Amino acid sequence: EPEVTQTPSHQVTQMGQEVILRCVPISNHLYFYWYRQILGQKVEFLVSFYNNEISEKSEIFDDQFSVERPDGSNFTLKIRSTKLEDSAMYFCASTWPRGGLDQPQHFGDGTRLSIL
Amino acid sequence: AQSVTQLDSQVPVFEEAPVELRCNYSSSVSVYLFWYVQYPNQGLQLLLKYLSGSTLVKGINGFEAEFNKSQTSFHLRKPSVHISDTAEYFCAVSLITQGGKLIFGQGTELSVKP
């Protein structure tokens with residue numbers, strides 16, 4: 001079964017540094033998402049992406065965050081200047097809306113981001 | 001705004017016992033409902049979903065859930081659990097009319113003991 005893959009599995013970065021989290025969604029999917037889960041808290045929506053543009057973003061997704069689909073396969077989340085509170089597990093997800101948005105999202109295994 | 005509440009943060013049960021994980025949601029518009037499972041060091045895997053139709057939905061690994069519109073609940077059940085069911089379970093909703101973002105509950109840690 002096709003999978004969503006995320007790299008790296010664990011990223012350690014100094015505060016203030018830029019970080020790029022990478023995702024390869026399932027190949028025929030059209031909607032892409034980033035979520036994050038701070039340790040001990042619920043999974044939170046960050047951003048959705050469709051047709052090469054952001055379709056929705058949460059309050060968390062401020063100017064420090066950006067997403068990009070640089071080619072036909074990768075979907076990236078960039079944090080420009082990391083803060084301690086950005087430490088979390090970041091999940092990428094994708095889905096294929098066959099006639100509607102009722103298809104489940106497929107998740108990657110996540111990237112654990114640790115900011116020092 | 002939509003919200004999801006999972007009433008139990010931890011549920012310890014013995015192997016072969018039945019289990020129910022509770023989920024309530026709040027929304028002024030129609031939603032789709034999902035249960036996801038997260039095994040240690042893994043991503044979220046879909047257990048089951050409710051879109052429309054029959055209120056009792058069956059998922060993978062012997063789990064089922066019942067949608068109750070009047071009580072705005074979507075409780076997850078399994079008649080007999082295994083050690084391998086030990087995991088974190090998340091209830092989630094998405095709006096039918098928007099871009100499909102999922103709103104998650106806080107999660108319930110199911111711990112199955114021998």
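One can find the structure itself at the top, above this paragraph.
1. Here we look at the packing of aromatic side chains
Throughout the structure, instances matching the rule amount to 19 aromatic pairs over all chains. For the pair Tyr31 of chain A and Tyr33 of chain A, a centre-to-centre distance of 6.5 Å together with 15 degrees between the ring planes defines the contact as stacked. In this structure Tyr33 of chain A comes out as buried when scored by relative accessible area, which is 1%. An angle of 90 degrees between the planes, with centres 5.7 Å apart, marks the rings of Tyr35 of chain A and Phe104 of chain B as edge-to-face. Here the residue Tyr35 of chain A occupies a position in strand 4 (residues 31–37), and Phe104 of chain B occupies one in strand 11 (residues 102–104), the pair thus bridging two chains. Given a relative accessible area of 0%, Tyr35 of chain A falls into the buried group. Taken together, the ring pairs connect Tyr31, Tyr33, Tyr35, Phe45, Tyr50, Phe91 and Phe107 of chain A together with Phe34, Tyr36, Phe90 and Phe104 of chain B into an aromatic cluster.

2. Comments concerning the state of the cysteines
Going through the model one piece at a time under the given rule, you end up with two disulfides over all chains. Across the disulfide, Cys23 of chain A is cross-linked to Cys92 of chain A (sulfur-sulfur distance 1.9 Å). Taking the torsion about the S-S bond as the criterion, the Cys23 of chain A to Cys92 of chain A disulfide, at about -65 degrees, is left-handed. On the criterion of sequence distance, the pair formed by Cys23 of chain A in strand 3 (residues 19–24) and Cys92 of chain A in strand 9 (residues 88–95) is long-range, its members being 69 residues apart. For Cys92 of chain A, a relative accessible area of 0% puts it in the buried group. Paired by a disulfide, Cys23 of chain B and Cys91 of chain B hold their sulfur atoms 2.0 Å apart. Residues Cys23 of chain B and Cys91 of chain B are joined by a disulfide whose S-S torsion is about -65 degrees; by sign, that bridge is left-handed. Of this pair, Cys23 of chain B sits in strand 4 (residues 23–26) while Cys91 of chain B sits in strand 10 (residues 87–95), placing them 68 residues apart in sequence.

3. Some thoughts on the interface of chain B and chain A
Each partner contributes to the interface: chain B provides 20 residues, whereas chain A provides 17 residues. Both sides together, the interface formed by chain B and chain A hides about 1700 Å², and carbon and sulfur atoms give 56% of it. At the junction of chain B and chain A, the tally comes to one salt bridge. Here chain B and chain A share five residue pairs in polar contact (both at pLDDT 80 or more) between them. Elements that contribute at least two residues to the side of chain B that touches chain A include exactly strand 5 (31–38), strand 6 (44–50) and strand 11 of chain B.

4. Looking at the environment of Leu33 of chain B
All names here are of chain B. Structurally, Leu33 is set in strand 5. A residue is classified by how much of its surface remains accessible, and Leu33, at 0% relative accessible area, is buried. Between the C-alpha atoms of Leu33 and Leu51, which are 18 residues apart in sequence, the distance is 6.7 Å. With near-sequence residues (within four places) excluded, Leu33 lies in contact with Tyr25, Leu48, Lys49, Tyr50, Phe67, Phe74, Ala92 and Val93.

What counts and how
- Residues numbered from 1 in each chain as written.
- Chains lettered and ligands numbered in written order.
- Predicted model: local features only at pLDDT ≥ 70, side-chain atom pairs only at ≥ 80, totals over all residues.
- Heavy atoms only, no water.
- Phe/Tyr/Trp six-rings, centres within 6.5 Å; stacked < 30°, edge-to-face > 60°.
- Buried < 20%, exposed > 50% of the residue type's maximum accessible area, 1.4 Å probe, protein only.
- Helix = DSSP H or I, 4+ residues; strand = E, 2+ residues; numbered from the N terminus.
- Disulfide = S-S within 2.5 Å.
- Contact = heavy atoms within 4.5 Å.
- Buried area = accessible area lost by both parts, 1.4 Å probe.
- Salt bridge = Lys/Arg side-chain N within 4 Å of Asp/Glu carboxyl O.
- Polar contact = N/O pair within 3.5 Å; in protein donor to acceptor, adjacent residues only side chain to side chain.

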